[in-house]
Amino acid sequence: MFVFILIFINILFFILIPYSSYDIFGLNILFFKEDFYWQILSSMFLHADLTHLILNMIVLFQFGLILEKQIKALNFILLYFIGGMATSILSLFYIYFAYIYFNQTINLIGASGAICVLMGYFAFLNKNSTKGLIVALLLMSFVPLLMSINIAWYGHIFGFVCGYIFEKLKNNFKIFKKY
């Protein structure tokens, strides 16, 4: 059920937030310069265009439904939001580094970091799918770059690693309770 709510929120943001406001709500250097701390969360619900939105929502639907059933709704929603925000925080290091050392301004948008958290979590949970998911992650992160499509490959990698580590921690330390 939460998967459908997340998809609805993403579609709603796409319809209601004008692209001209993406500097305010996307994750960028304004986080540091203007204390735009909400960007850690708001950037997870913005998409560059309809194709970006549709592709992310398909993968969210696919992995979200499986995980929501497997780990229960509360754990799923915590995984998605905590994992997505952890991915945003890690991505901030890259954004800051690119700005300071290469004078490059990045505006990170999209749900793919949080979705990659789900993929990484599932990869640890289901060992038979780990290699295939890593290949899928690498393809979706680097093939667009070869086609000159601007993509936050680092957000995908950070998200996948966060999800994998979260499941490993849960497994080792029983962080999430069974609801």
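Computed from a predicted model, the values in this text were never measured in an experiment.

Rules behind the numbers
Residues numbered from 1 in each chain as written. Predicted model: local features only at pLDDT ≥ 70, side-chain atom pairs only at ≥ 80, totals over all residues. Heavy atoms only, no water. Phe/Tyr/Trp six-rings, centres within 6.5 Å; stacked < 30°, edge-to-face > 60°. Helix = DSSP H or I, 4+ residues; strand = E, 2+ residues; numbered from the N terminus. Buried < 20%, exposed > 50% of the residue type's maximum accessible area, 1.4 Å probe, protein only. Lys NZ or Arg CZ within 6 Å of the ring centre and 35° of its normal. Axes fitted to C-alpha atoms, helices over the stretch in contact; angles between N-to-C directions. Parallel < 35°, antiparallel > 145°, perpendicular 65-115°, else oblique. Left-handed = near helix turned anticlockwise from the far one by under 90°. Contact = heavy atoms within 4.5 Å. Nonpolar A, V, L, I, M, F, W, Y, C, P; charged D, E, K, R; others polar.

A. Representation of the packing of aromatic side chains within the structure. Enumeration over the complete set of coordinates arrives at 18 aromatic pairs. Here Phe45 and Phe81 contribute two aromatic rings whose centre-to-centre distance is 6.1 Å and whose plane-to-plane angle is 40 degrees, an arrangement assigned as tilted. Taken together, the positions of Phe45 in the loop between helix H4 (39-42) and helix H5 (50-71) and Phe81 in helix H6 (residues 73-102) put the pair 36 residues apart, joining distant regions of the chain. Given a relative accessible area of 5%, Phe45 falls into the buried group. Ring geometry for Tyr80 versus Phe81: centroids 5.7 Å apart, planes at 85 degrees, classification edge-to-face. Taking the relative accessible area as the measure of exposure, Tyr80 reaches 0% and is therefore buried. Among the residues examined, Phe81 registers a relative accessible area of 24% and is labelled partly exposed. Grouped by ring-pair contacts, the aromatic residues Phe13, Phe45, Phe76, Tyr80 and Phe81 constitute a single cluster. Just above the ring of Phe124 sits the side chain of Lys127; from NZ or CZ to the centre is 3.6 Å.

B. Highlighting the packing of H5 against helix H7 (residues 112-125). Here H5 crosses H7 at 45 degrees, and the two axes come no closer than 10 Å. As far as their axial angle goes, H7 and H5 are oblique. Relative to H7, the crossing made by H5 is left-handed. In contact with Asn56, Val59, Leu60, Phe63, Gly64, Ile66, Leu67, Gln70 and Ile71 of H5, H7 contributes Ser112, Ile115, Leu118, Met119, Tyr121, Phe122 and Leu125. In terms of residue class, the contact of H5 with H7 is built from 12 nonpolar, 4 polar and no charged.

On their own, these measurements won't tell you what the molecule is for.
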